[in-house]
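Observations on the three-dimensional arrangement
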Amino acid sequence: TQSTWGIIFLIIMSTLLFLTRASRARLWSSPSCLTSTSNRGLIVRHMSKHSKPQMFEKILIANRGEIACRVMQTAKRMGVKTVAVFSDADKNAMHVAMADQAYNIGPAPAAESYLRKDRILDVARKANAQAIHPGYGFLSENAEFADLCQRQGVVFIGPPAQAIVAMGSKSESKKIMTAAKVPVVPGYHGENQDPQFLAEQANRIGYPVLIKAVSGGGGKGMRIVHSAEEFQANLESSKREAMKSFSDDKVLVEKYIKRPRHIEFQVFADALGNCVYLFERDCSVQRRHQKVLEEAPAPGLSAERRAEMGKSAVNAARAVGYVGAGTVEFIMDEDDGSYYFMEMNTRLQVEHPVTEMVTGLDLVDWQLQVASGFPLPKTQAELVLQGHAFEARVYSERPERNFLPGTGSLVHLRTPEPSADVRIETGVRQGDEISIFYDPMIAKLVVRGPNRDAALRKLQSCLDAYQIVGLPTNIEFLRRCVSHPAFIQGGVNTNFIDTHKSTLLPPRPALDDRAWALVSVATLLNEWNRNQQNRMRSSEPDSPWELSKPFRVNGTAQRELRFKEELGEEDSQITETDVVVSVRYVTATEFELTMPGSKQAIQASGSLTESGQMVATIDGSVHKSTVVVDNGYLYVIENHSGSTCKVKLPAVNFDSASSKAASGQKIVTPMPGKVVKVLVGPNAKLSKGTPIMILEAMKMEHVIKSPGEVQVDTLFFKDGDFVEDGKTLVSFVTPK
């Protein structure tokens, strides 16, 4: 009968399901399960619980900052609950506030929190998370973690562990790419790490050469060597940095292409064997081998070359059995248009929003779908480019000091207005802190336009509107980059910053009279507002001692404002100069200002709101600015350009005599770090650029150099000392 056949069918299906689960259990309990199909197998197991693929109900994000927030935004839109993990330093962080659940996983250092695989998996188990999204950085390209997730029945939202292993080794990946007929840069990618042998290989390849950490990324352990005489010192430095960053000091040596463009292709593959490329990104504007500006599509890349490179990218992904989002990076020789495989990042890239802007897709959505067992949402033929997009990375760093990372609190934060064409990808808010423990990125500014010119104008406008006070940033540097004629023309190579360094990183100019007038008006109005507040709290508000401007029995009140202007050159030299502005009060908010060395008074007036918005009139010209006071400094940010004046606040000193300008020289720590080696002794006479000491900060070595023809007065630290931010490293005297 029909019911009998139904019972027989159920018995057969139950037996097959039991055998299948038993087979999988034996596979997943095997220590040798680190294969290219491990994550694909787990995705299939997730699918087997349902008659068809189903989206996860809850995921854990094993990361922090803007990428954690980015993943949560898409997850919430898709109805997927999110679990955050956080260190002691991040207990009040934005990603913690956004998550449905959050768990502390340890102290601030990443090694004791965000890199603790056991604690993260324990949280996943407690929270009943079905999958873990690693973000980028931390454990995102850790094959052991991907395998541990698979063993414990948690889907790793990323590629199979073996793909991470294969592409994580620059030397191994080059071998795989060669076999897959993907072009690779000529060089030595073998196991022999003998320094003399590597030097011989460099001579064979021909200088200049590039030393790269085999397990590296982000520019760490990477050195450009121009001659045989420089090779050994750079090799030792590269190996030291690689060991500290990746616990692996193996390096490879490659031919250095003098005029390279960095063009990468976004690829995506599912567990069903489908693989596509979502076009390219041009990431050629870099400092310290790390990206600063990205755009899509790449300027000047023909449709034929795009298709050819895209096919190579897909071949690279297929060669390692890839699943999920990945980026295949190519280096393109600007001279002849040839391209070579550089590396594959087996994770979602920092710059993925650029691709989202020009394709109209949500790549995190794609990640969750693929990890849940769904096929890719689109085929290659269905993918089209739409307009042009840029991304600018806003960092806390000091471009004028070789881009050393900065730290501090976001005392004032004002961003461009977000829209469909303007995205602010961030994990911090006003009042949050950028600490020494993590990457100093503040945000990613992403814009889109119908074409490159329109998108670039929007990027320039948005950077002008970006305001940050409380820590050093690269915003002014970004403004110069995107306004440079070579960048506007398009198609710059990775030497862009070095080639145009004098234009992009000019010495900080002294403030002109107009700027000093704005600073003076802001100072006077700030005092006036404060006096008004005090007056309202006073028991005798009409007393002469509570008036809102200086009081004189006979005559007009006059005073001097004494500012200290800090002018910083490269290599941490600081020069302070006294600037005196004479003030004659017309009313409480109207003044006559006389600048140093001038006899002509400037007519100035203005108003300042409690929120810091100032409207000032200088000799009939109206200026709108934002005024911020922080830690003894006054900041005046012009709203139309973002140009910022920063000076030390003057002491209140009416009718005082003028004093001579003073200046001094010293080198202070550009950020917290550890002194690796002091290279000079007391009383040493130095010429400009002489190395003084090596400072290690954020796992990278930085050489502190002499600011000019000076003699060492005092060295304040020795080898191995830890130095806090802002501490004096060395002071100088005039050479005897």
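What comes next concerns the included structure. (Residues numbered from 1 in each chain as written. Predicted model: local features only at pLDDT ≥ 70, side-chain atom pairs only at ≥ 80, totals over all residues. Heavy atoms only, no water.)

**Thoughts on the pairing of strand β39 (residues 728-733)**
Our working rule: Two strands are said to pair when DSSP picks up at least two bridges between them. Going along the chain from the N terminus, every DSSP run of H or I of four or more residues is numbered as a helix, and every run of E of two or more is numbered as a strand.
Note: strand β32 (residues 666-668) against β39, three bridges, orientation antiparallel. If you follow V668 over to β39, its bridge partner there is T728. Pairing of strand β37 (residues 710-715) with β39 involves four bridges; the strand directions are antiparallel. Its bridge partner being in β39, Q711 is matched across the sheet by V733.

**A closer look at the pairing of strand β1 (residues 58-61)**
A regular strand carries its side chains on alternate faces of the sheet. Definition in use: Buried, partly exposed and exposed residues are distinguished by accessible area as a fraction of the type maximum, computed with a 1.4 Å probe on protein chains only: under 20%, between the cut-offs, and over 50%, respectively. Handedness of a crossover: with both strands directed away from the viewer, a clockwise path from the first strand across the helix to the second marks it as right-handed.
Where burial is concerned, the two faces of β1 agree: the one with K58 and L60 and the one with I59 and I61 are both buried. Taken together, the four bridges between β1 and strand β2 (residues 81-87) define a ladder with parallel strand orientation. Across the sheet, the residue bridging to I61 is A84, located in β2. Each parallel crossover has a hand, and for β1 linked through helix α3 (residues 65-77) to β2 it is right-handed. Alignment of β1 against strand β4 (residues 131-133), held across three bridges, turns out to be parallel.

**Examining the packing of α3 against helix α13 (residues 363-371)**
Rules: Helix axes are fitted only over the stretch in contact, all axes being lines through C-alpha atoms; the angle between N-to-C directions runs from 0 to 180 degrees. With respect to orientation, any angle under 35 degrees is reported as roughly parallel, any angle over 145 as roughly antiparallel, any angle of 65 to 115 as roughly perpendicular, and every other angle as oblique. Handedness of a crossing follows from how the near helix is turned relative to the far one, being left-handed for an anticlockwise turn of less than a right angle and right-handed for a clockwise one. Between two residues, a contact is recorded if the distance between any of their heavy atoms is within 4.5 Å.
The geometry of α3 relative to α13 is characterised by a closest axis approach of 9 Å and an angle of 65° between their N-to-C directions. The angle between α3 and α13 falls in the class roughly perpendicular. The two elements α3 and α13 meet at a crossing, and its hand is right-handed. Facing α3, whose interface residues are R70, V71, T74, A75 and R77, α13 presents L363, V364, D365 and L368.

**Regarding the environment of V328**
If you trace the backbone, V328 turns up in strand β13 (residues 324-333). The exposure class of V328 is buried, given its relative accessible area of 0%. Once the C-alpha coordinates of V328 and Q266 are considered, the two residues, 62 residues apart in sequence, prove to be 6.6 Å apart. The residues touching V328, leaving out its near neighbours within four places in the chain, are I263, E264, F265, V267, A313, A316, F341, E343 and M344.

**Side note on the sheet that holds strand β34 (residues 685-686)**
Judged by pairing direction, the sheet is antiparallel, and its four strands sit side by side in the order β32-β39-β37-β34 without closing on themselves. Each edge of the open sheet carries a strand with a single partner, namely β32 and β34. As judged from the two bridges shared by β34 and β37, these two strands associate in the antiparallel manner. Paired with K685 across the bridge in β37 is Q711.

**Considerations on the packing of aromatic side chains**
As a reminder, the rule being used: In this scheme Phe, Tyr and Trp rings, the latter by its six-membered ring, pair at centre separations within 6.5 Å, and the angle between planes marks the pair as stacked below 30 degrees, edge-to-face above 60, and tilted otherwise.
Inspection of the entire model under this criterion finds 15 aromatic pairs. When the ring of F403 is compared with that of F477, the centres are 5.1 Å apart and the planes differ by 75°; the resulting orientation is edge-to-face. With a gap of 74 residues between them, F403 in the loop between β16 (397-398) and β17 (404-405) and F477 in helix α15 (residues 475-483) connect regions that are remote in the sequence. Comparing F403 with F477, the two get one shared label, buried. For the ring pair Y585 and F591, a centre distance of 5.6 Å and an interplane angle of 80° mean the geometry is edge-to-face. Each of the two residues, Y585 as well as F591, counts as buried.

**A short note on helix α14 (residues 452-465)**
An α-helical segment advances 3.6 residues per turn. Residues three or four places apart therefore align on the same side. What counts, and what does not: Multiply 1.5 Å by the residue count of a helix minus one, and that product is the helix's expected span. Any pair of nitrogen or oxygen atoms within 3.5 Å is treated as a polar contact; in protein, a donor-acceptor pairing is required on top of that, and neighbouring residues in sequence qualify only through side-chain atoms on both sides.
Here α14 contains 14 residues, and its C-alpha end-to-end distance of 20 Å stays within 8% of the 20 Å for a straight helix at 1.5 Å per residue. Along α14, the positions that sit buried rather than exposed are R452, A454, A455, L456, L459, C462 and L463. Contact partners of the buried residues in α14: β12 (290-296), β15 (388-395), β20 (422-426), β22 (441-449), α15 and α16 (485-489). Near the N-terminus of α14, the side chain that reaches the backbone nitrogen of D453, with its oxygen 3.3 Å away, is that of N451.

**Some words on helix α9 (residues 195-205)**
What counts here: Each direction from the helix axis to a C-beta atom contributes to the arc, which is the arc of those directions.
When we look at burial in α9, the residues that qualify are L198, A199, Q201, A202 and I205. The buried residues of α9 occupy one face: seen down the axis, they fall within an arc of 160°. Along its buried surface, α9 packs onto β6 (187-188), β7 (209-213), α10 (228-246) and β9 (251-255). In the stretch just after α9, G206 is the one whose phi turns positive, near 100°.

**Considering unusual backbone geometry**
In this chain, Y207 is followed by P208 through a cis amide linkage whose omega measures 5°. Looking at the element boundaries, P208 is found in the loop between α9 and β7. Of note, the bond from A296 into P297 is cis; its omega dihedral lies within 30 degrees of zero at -5°. Considering the arrangement of structural elements, one finds P297 in the loop between β12 and α11 (303-319).

**Considerations on the pattern of salt bridges**
Which entries qualify depends on this criterion: Here a salt bridge means any side-chain nitrogen of Lys or Arg lying within 4 Å of a carboxyl oxygen belonging to Asp or Glu.
Taken as a whole and assessed by the stated rule, the structure comprises 44 salt bridges. K117 is the salt-bridge partner of E144, the closest N and O atoms lying 4.0 Å from each other. Residue E144 is found in helix α6 (residues 143-151), and its partner K117 is found in helix α5 (residues 117-127); the two are separated by 27 residues along the sequence. The partner of R448 in a salt bridge is D421, with the nearest N and O atoms 2.9 Å apart. Placement of R448 in strand β22 and of D421 in the loop between β19 (412-414) and β20 is noted, with a sequence separation of 27 residues between them. Classification of D421 by relative accessible area gives partly exposed; the value is 29%.

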